[in-house]
Amino acid sequence: AYPDQYPQSGRFPANFTWGAGTAAYQVEGGWDADGKGASIWDTFTGTDGAPINPGMVDRGQTGAIACDSYHRAKDDVALLVRLGLSAYRFSISWPRLLPNGTLVMSGGAPNMPGVDYYNALIDELLRNRITPYVTLYHWDLPQALLHDPYAQRPSRDNWRGWLDDRLPGAFAQYAELCFSLFGDRVKHWITLNEPFTFAVLGHSGPHAPSLCNWEETLGGCSGGPRPAAGWDVYVAGHHALLAHALVAKVYREKYRAAQGGELGVALSSYWYEPASHMREDVAAAERALAFELGWFAQPLTHGSYPRQMRDKLGARLPAFSAEEAALLAGSTDFFALNLYSALLVRDKPPAPGYGAPGGAPVSQRADCDCETSASAAWPRSNATWLRSVPWALRKMLRHVHARYAPAAVYVTENGWADSAASFREGAHDEGRISFLANYTAELWRAANEDGVPVRGYFVWSLLDNFEWEHGFSLRYGVTFVDFHSARRTRYAKTSACWLRALATGNALVPPSAFAEGLSSRR
Ligand code: GBH
């Protein structure tokens, strides 16, 4: 429900950006169309014929076709137009442009059909006055940059993906290619989507390449003096930061003057709320935030890791050289926040012998010395991790404003999961409307009452799509996609209609007002 104390009306600042988001692997399909190379997700899901990493993706589903957006980009733009949105956040598939990861390994030139695809998408958006917000990396690393035992074609030079210190250079080369190809029309770049997620879930969890698990299969990950999960995630995160820093340097030195664009990194984090007023729990909640948001936000702002991380991790946390620190500090032009939910935090001292040889195994989650939980009062979505905690958005925005003082903030993702696979046009996804209405009310308060310089908000997602390890079982779209139809037919959910009212009115839309509008139109 929409609480009584929420504003019943409220305009957003003029020129506020309302958008929706997707990511290449989640919607494009066309996994090997027209010269595209395999990504680590193609391999991980078994699309390229490699053995599937057992049990990783729900029901063995893959993004081989997904929403077929590779062939239906015009339909997607038409949806955005119908929604009255002024911006579209999508990502570029690195192996669609560079099938083998680098220019040299890809024969010295980008894959032209891939270039054509993104040119056509960008031009179609601009023709419809929709501003592209382009993510360069949303987790689909070229398989060629990762030597792994499951790949059909192991990489030539034993690349180690994000654990490889050559990766930042390879990424900067790919990013520069994108600037030179599309930067005349794209002015908003998100270099990386959620480095936390791909560093942690990709190197100790259920996301590709799940390298730690694979090395475990080969006998490399279990115990020993260097337990991989406790080191690799921080190495991967470090390389992600260095990759962004290199890209920012290239953009500023060679493209910014001519193209006039801006760069950001989309950072995800729960809001962490102390479970009590006890000093230990308050400190634990700050620590939890430092280990998720601060891990990336502080280097990007100040060129250093949070004190709480350095204190706890010692040698497990890589260090920045003075030069790297200088490149990183202030390397974003806007703060991009993916915010969904919150957790309650209690202090939890480490198990005896934690991290010592033979002691309890280290993990990124355990490193924080926190115990987290969700309140039973927070409504559940169909995703276990995602409950509706609207005030989490306002608290997080205030925190970002106070701690990092960015010139501009965009909420680059916020959304709700349902799972009903049977509904059609007009289906009433009340849960999503309630979630979005409450969160946008908190967004409004942050902008109007707290002075946070919020410039835009992107719903996740434009479409139901391939939800990573959950396959197609979780649906985040304001648009329903019929994955059984050959055309991947799209149907507007009721939330699409609500979103249209929000975006075109540039003002809050309480669910009750929306319901009245709906029934009076019938
Ligand atoms: C976004 O991440 C992604 O950018 C997007 O691709 C995806 O479709 C969308 O979420 C919906 O899931 O056990 O606590 O580690 C959101 C951030 C980070 C939230 C990983 C879930 C895993 C649960 N996600 N997290 S946890």
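You'll find the structure just up there.
Remember, predicted model here, so these are calculated numbers, not experimental data. (Residues numbered from 1 in each chain as written. Predicted model: local features only at pLDDT ≥ 70, side-chain atom pairs only at ≥ 80, totals over all residues. Heavy atoms only, no water.)

Engineer: How should the overall build of the chain be read in this particular structure?
Structural biologist: Tallying secondary structure elements over the chain gives 17 helices and 13 strands in all. Computed over the C-alpha atoms, the radius of gyration of the chain is 22 Å, within 12% of the 24 Å expected from 2.2 N^0.38 for a compact globule of 522 residues. When its C-alpha atoms are laid out on the principal axes, the chain stretches across 70 × 60 × 50 Å. Expressed as a percentage of its 522 residues, the buried residues of the chain come to 62%. Residue pairs in contact within the chain that sit at least 24 positions apart in sequence constitute 77% of those at least 6 positions apart. Total accessible area on the chain is roughly 19600 Å²; 52% of this is exposed by carbon and sulfur atoms. Positive and negative charge centroids in the chain, built from 48 and 52 side chains respectively, lie 4 Å apart. (Helix = DSSP H or I, 4+ residues; strand = E, 2+ residues; numbered from the N terminus. Rg over C-alpha atoms; globule rule 2.2 N^0.38 Å. Buried < 20%, exposed > 50% of the residue type's maximum accessible area, 1.4 Å probe, protein only. Contact = heavy atoms within 4.5 Å. Areas by Shrake-Rupley, 256 points an atom, 1.4 Å probe, with all protein chains shown as cover. Lys, Arg positive; Asp, Glu negative; His and termini not counted. Charge placed at Lys NZ, Arg CZ, Asp CG, Glu CD.)

Engineer: Sorry, what's going on with the site of the ligand here?
Structural biologist: The environment of the ligand is formed by 16 residues, the closest being Gln26, Glu194, Tyr270, Glu467 and Trp468. Within the side chain of Gln26, one N or O atom sits 2.8 Å away from an oxygen atom of the ligand. The side chain of Asn193 places a nitrogen or oxygen atom 3.0 Å from an oxygen atom of the ligand. For the ligand, whose accessible area on its own is 590 Å², the fraction buried by protein is 83%. Taking a 2 Å distance to the grid points as the criterion, the majority of the atoms of the ligand fall inside the largest pocket. Taken together, the residues of the shell around the ligand sort by class into 8 nonpolar, 4 polar and 4 charged. (Near = heavy atom within 4 Å. Polar contact = N/O pair within 3.5 Å; in protein donor to acceptor, adjacent residues only side chain to side chain. 1 Å grid on protein atoms, 1.4 Å probe; cavity = no way out; pocket = protein on both sides within 12 Å on 5 of 7 lines; lining within 4 Å. Sits in = over half its atoms within 2 Å of the grid points. Nonpolar A, V, L, I, M, F, W, Y, C, P; charged D, E, K, R; others polar.)

Engineer: I'm lost on the side chain of Ser69 in this one. Help?
Structural biologist: When you line up the elements, Ser69 lands in helix α3 (residues 69-83). In this structure the side chain of Ser69 is engaged in a polar contact, spanning 2.6 Å, whose partner is the side chain of Asp76. Residue contacts for Ser69: discarding those within four places in its chain leaves Val27, Glu28, Asp76, Tyr117, Leu463 and Arg490.

Engineer: Would you explain the packing of aromatic side chains in this entry?
Structural biologist: We describe a pair of aromatic rings using the distance from one ring centre to the other and the angle between the two ring planes. Tallied over the entire structure, the rule returns 47 aromatic pairs. Taking the centre distance of 4.5 Å and the plane angle of 25 degrees together, the rings of Trp295 and Phe296 count as stacked. Here Trp295 matches Phe296 in class, with each residue buried. Within the aromatic cluster, the residues linked to one another by ring pairs are Tyr25, Trp41, Phe44, Trp139, Phe466, Trp468, Phe472 and Phe483. We note Arg96 situated over the ring of Tyr70; from NZ or CZ to the ring centre the distance is 4.0 Å. The ring of Trp159 is capped by Arg166, whose NZ or CZ atom sits 4.3 Å from the centre of that ring. (Phe/Tyr/Trp six-rings, centres within 6.5 Å; stacked < 30°, edge-to-face > 60°. Lys NZ or Arg CZ within 6 Å of the ring centre and 35° of its normal.)

Engineer: Would you mind going over the sheet that holds strand β8 (residues 342-347) with me for this structure?
Structural biologist: Overall, mixed pairing links the 3 strands, which are arranged β6-β8-β9 in an open sheet. Only two strands of the sheet have a single neighbouring strand rather than two, namely β6 (271-274) and β9 (370-373). Going across the sheet, the axis of each strand differs from the next one's by a mean of 40 degrees, ignoring polarity. Summarising the sheet, β8 and β9 pair through 4 bridges and their orientation is antiparallel. Across the sheet, Arg346 pairs through a bridge with Glu371, a residue of β9. This element, helix α10 (residues 279-302), spans β6, β8 and β9 of the sheet and lies at about 125 degrees to β8. Packed onto the sheet, helix α14 (residues 391-404) meets β6 and β8 and runs at close to 95 degrees relative to β6. (Pairing = 2+ DSSP bridges. Axes fitted to C-alpha atoms, helices over the stretch in contact; angles between N-to-C directions.)

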